[in-house]
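# Reading the structure
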Amino acid sequence: SAIDVSTRSSWAAITRLMCTSGIAMLLRQIALCLAELVRTADVTDRAELQSILELIEARRRESEVLAKCVADEERSLATFEDHAKALAGSFEEVETHFKGVIATARQLLRSQLGTMVREFASREADFLQQALQERPRRSTWRCDVMPLREDMEEAYLAVVDRAAKDLERVAQFLYPQLRMIVSSLLPAYHGGLLEELAWPEGATPSVAPLGDKVTVDLALSWWRRWFASRRISKERANHLRCLIEDDFLKIADELVQEAETHLTERVDYVM
């Protein structure tokens with residue numbers, strides 16, 4: 001037991017020497033420095049971690065805002081596309097209406113000109129037959145088709161003009177509506193495409209087919225040869241009627257085509 005007491009005393013003495021020696025002091029300073037470094041690193045790490053967390057949160061909020069903006073833009077774009085499709089559908093309806101106006105004018109013109117030619121041909125045939133009955137040995141006859149040309153031109157221009165005015169009325173109604181629609185869709189648009197466009201001055205339908213020479217325009221010598229053929233008055237009258245119809249129904253078809261071309265150009269111009 002005496003040895004144990006002595007041993008413990010020695011250890012205690014060694015412990016005191018270790019705690020008070022220079023090496024012990026140096027170790028304590030090193031330990032304090034290490035502890036301070038650990039504390040500083042911990043504070044720095046915590047601050048950096050907090051900064052990273054705040055940055056992540058800011059980016060998350062920014063992403064949410066951007067996602068909302070994208071969603072809003074997508075909804076706006078979808079709405080715009082719906083309006084654009086509706087507008088395009090309206091354009092198609094307008095163009096269909098324009099084509100209907102042209103089709104109506106074409107049918108009306110073909111009917112009027114055809115009736116005009118047939119009635120004129122029948123009258124001239126009746127005049128010829130009556131003249132032959134009054135003078136069976138008649139050797140000459142001239143068919144004056146100028147009145148027919150004038151009547152056909154008048155009817156042709158009237159139908160085309162009426163159809164053109166119908167197209168113009170529709171366009172005059174549509175332009176303000178279109179301006180209002182586009183202003184609501186594109187408030188920043190200030191271009192000139194929505195200004196009403198006048199049909200170019202002098203752009204009138206062609207009457208060239210009416211100037212074409214036809215069989216009944218042939219010289220007097222041709223008519224003499226025609227009368228020289230031995231036919232009864234009724235056959236000659238019917239032949240004359242056929243000549244007039246053959247010649248001027250072709251002209252009528254050409255006028256109908258000219259009218260359709262002219263009106264289609266106007267529709268294309270507006271559209």
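### Remarks on the nonpolar core
Counting residues in each nonpolar core, the largest one holds 35 residues, and the members touching the most others are Leu 113, Met 152, Ile 244, Phe 248 and Leu 263. Of all the secondary structure elements, the ones that give two or more residues to this core are helix 2 (22-134), helix 3 (146-185) and helix 5 (233-270). Considering each element in turn, this core owes the most residues, twelve residues, to helix 2.

### Section: a negative patch on the surface
Taken together, the side chains of Asp 144, Glu 150, Asp 151, Glu 153 and Glu 154 define an acidic patch exposed on the protein surface. Structurally, Asp 151 is set in helix 3. Using a relative accessible area of 38% as the deciding quantity, one classes Asp 151 as partly exposed.

### What to know about the confidence of the model for the protein chain
Here the protein chain averages 81 in pLDDT, and 79% of its residues register 70 or above. Helix 4 (residues 220-228) is the least confidently modelled element of the protein chain, averaging 63 in pLDDT, while helix 5 averages 88, the highest of any element.

### Observations regarding the pattern of salt bridges
By the definition in use, this model includes eleven salt bridges. With a shortest N-O distance of 2.9 Å, Arg 46 and Asp 42 are connected by a salt bridge. With Arg 46 and Asp 42 both in helix 2 and four residues apart, the pair spans about one turn of that helix. What makes Arg 46 exposed here is its relative accessible area of 56%. A salt bridge links Asp 72 to Arg 75, with the shortest nitrogen-to-oxygen separation between them at 2.1 Å. With a gap of three residues between them, Asp 72 and Arg 75 both fall in helix 2, about one helical turn apart. Take Asp 72: its relative accessible area is 26%, and that puts it in the partly exposed class. In the salt-bridge network here, residues are joined through shared partners; they are Glu 57, Arg 60, Arg 61 and Glu 64.

About the criteria used
- Residues numbered from 1 in each chain as written.
- Predicted model: local features only at pLDDT ≥ 70, side-chain atom pairs only at ≥ 80, totals over all residues.
- Heavy atoms only, no water.
- Core = buried A, V, L, I, M, F, W, Y, C linked by side-chain atoms within 4.5 Å.
- Buried < 20%, exposed > 50% of the residue type's maximum accessible area, 1.4 Å probe, protein only.
- Helix = DSSP H or I, 4+ residues; strand = E, 2+ residues; numbered from the N terminus.
- Patch = residues over 30% accessible without salt bridge, like charges linked within 9 Å, V, L, I, M, F, W, Y side chains within 5 Å.
- Areas by Shrake-Rupley, 256 points an atom, 1.4 Å probe, with all protein chains shown as cover.
- Salt bridge = Lys/Arg side-chain N within 4 Å of Asp/Glu carboxyl O.
- Lys, Arg positive; Asp, Glu negative; His and termini not counted.
- Charge placed at Lys NZ, Arg CZ, Asp CG, Glu CD.
- pLDDT = per-residue confidence, 0-100.

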